[in-house]
Amino acid sequence: MSLRKFITNKTTAALAVLFTVFANTSAFAQEASVAGAAAAPKVDMGEIYKSVIFYILIFLAVCLFIAIIGKSIKVYELSREAQGKPVGINWNRVHASLFALFLVLGLYGVYWEYTVHGSMLLPDAASEHGKKIDEMFNLTLIITTIVFVFTHILLFGFSYIYRYSAKRKAYYYPHNNTIEKIWTIVPALVLTVLVLMGFLTWRSIFFKTEDPNNKPLQIEVTSEQFKWSFRYPGADGIVGEKNYKLTTATNQLGIDFKDIHSRDDEMADEMVIPVGKPVKLILTSKDVIHSFYMPHFRIQLNTVPGMRTFFEFTPTKTTAQVQQETNDPNFKFVLLCAKICGSGHYNMQKVVRVVSEAEYKTWLAEQKTYLNDDLRKEFNLPVAPAAPKAASDSSATDSAAVKTNQMALNK
């Protein structure tokens, strides 16, 4: 190639322009950085990077860059067409290659999700029914993953293999009864099995036969903006009635103390439950709809104002056991609100402790009854006599005091 042709060549000219622009820009940037460093202190750009407008401008700049590249390629194609030259870029091959690339990246993305995000899933369920729910979830995930991978290999693979070519003609294949039957009947059967599994699991959770020898522990959970309140039954094992019309400054939960079962109920600041013991949750709400959510036990149920909802489960692991299994001494079961119930929604969190039967009884003995002297006066109930001061009282005196307290509770 002669020097003249080399200088007038379009490619050489374009490279020269790019080199000139790059050199000038680099020199200008260096001068500006030196001048800026000498003239003014460094500006903190942290707040700009956090703003939404910054990322919107970045997105628009990227779109503009892509549009410029597209227009440049279009001008290039039109110029070749005007000169009677063959098409410079085979777009069918480009698009087919992109389909193949997306297929490979997509399959790697599935693998990445399983290996990276899969390890972030919750630990094994800590309740009996939770195991069934996990089995359903895993089965559904396996089936959908197989279908997803298979269909996308077909979709992107066909797009790559059967890309347009002037040397072949597409075969017209409008209908096939066998294929129609297969992709209609097989999904219908699979979905029927999954729905039946879900229905039977749901019935096993909400329609349980109560064992008279192992009655569930009742715990009433009241939700409000933005906290949870727990009420445990007393010696009778029954949580008493409540009525929202009885709600006052001293009786914030609206407990009805005309019901004898309410008089020995105990309040707690945390939820403590014994392992291996059925627990029956009685869920209510004081204000708006909240969502009672204990993810480790696979429990989620709405708490609705004006009605009571129930959920029974049996914890299978103590907090200490899960701490050992996960090798995390700071692990805790949690109770959350899964409904966006207001500005303080994030604050509706409680720790749930699962302990042994002996630890539970010790903890329960330390809790105080909800019924106090102020509530006794409000409901015209006799005030409980004070506990004996002398430590040397006889056993007969202690027994008499216990009987007197019990009679006062039951009046």
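Notes on the structure follow.

Along the polypeptide, Ser 285 turns up in strand S5 (residues 279-285). For Ser 285, the side chain forms a polar contact with the side chain of Ser 223, separated by 3.4 Å. Within polar-contact distance, the side chain of Ser 285 engages the backbone oxygen of Val 288 at 2.5 Å. Setting aside anything within four residues of it in sequence, one finds Ser 285 in contact with Ser 223, His 290, Thr 303, Val 304, Pro 305 and Gly 306.

On the surface, Val 52, Ile 53, Ile 56, Leu 57, Phe 59 and Leu 60 cluster together into a nonpolar patch covering about 640 Å² of accessible area. A residue is classified by how much of its surface remains accessible, and Leu 60, at 47% relative accessible area, is partly exposed.

Read across the open sheet, the six strands follow the order S8-S5-S1-S2-S3-S11; overall the sheet is mixed. Across the chains shown, the open sheet's two edge strands, defined by having one partner strand only, are strand S8 (309-313) and strand S11 (368-369). Relative to strand S3 (residues 266-268), strand S2 (residues 227-232) is paired through three bridges, and the arrangement is antiparallel. Across the sheet, Phe 230 pairs through a bridge with Ala 268, a residue of S3.

Below, the discussion takes up the state of the cysteines. Enumeration according to the criterion identifies zero disulfides in this entry. You can see Cys 341 has no disulfide; the closest cysteine sulfur is in Cys 337, sitting 3.9 Å from it.

The rules behind these values
Residues numbered from 1 in each chain as written. Predicted model: local features only at pLDDT ≥ 70, side-chain atom pairs only at ≥ 80, totals over all residues. Heavy atoms only, no water. Helix = DSSP H or I, 4+ residues; strand = E, 2+ residues; numbered from the N terminus. Polar contact = N/O pair within 3.5 Å; in protein donor to acceptor, adjacent residues only side chain to side chain. Contact = heavy atoms within 4.5 Å. Patch = residues over 30% accessible without salt bridge, like charges linked within 9 Å, V, L, I, M, F, W, Y side chains within 5 Å. Areas by Shrake-Rupley, 256 points an atom, 1.4 Å probe, with all protein chains shown as cover. Salt bridge = Lys/Arg side-chain N within 4 Å of Asp/Glu carboxyl O. Buried < 20%, exposed > 50% of the residue type's maximum accessible area, 1.4 Å probe, protein only. Pairing = 2+ DSSP bridges. Disulfide = S-S within 2.5 Å.

All we've got here are geometric facts, nothing functional implied.
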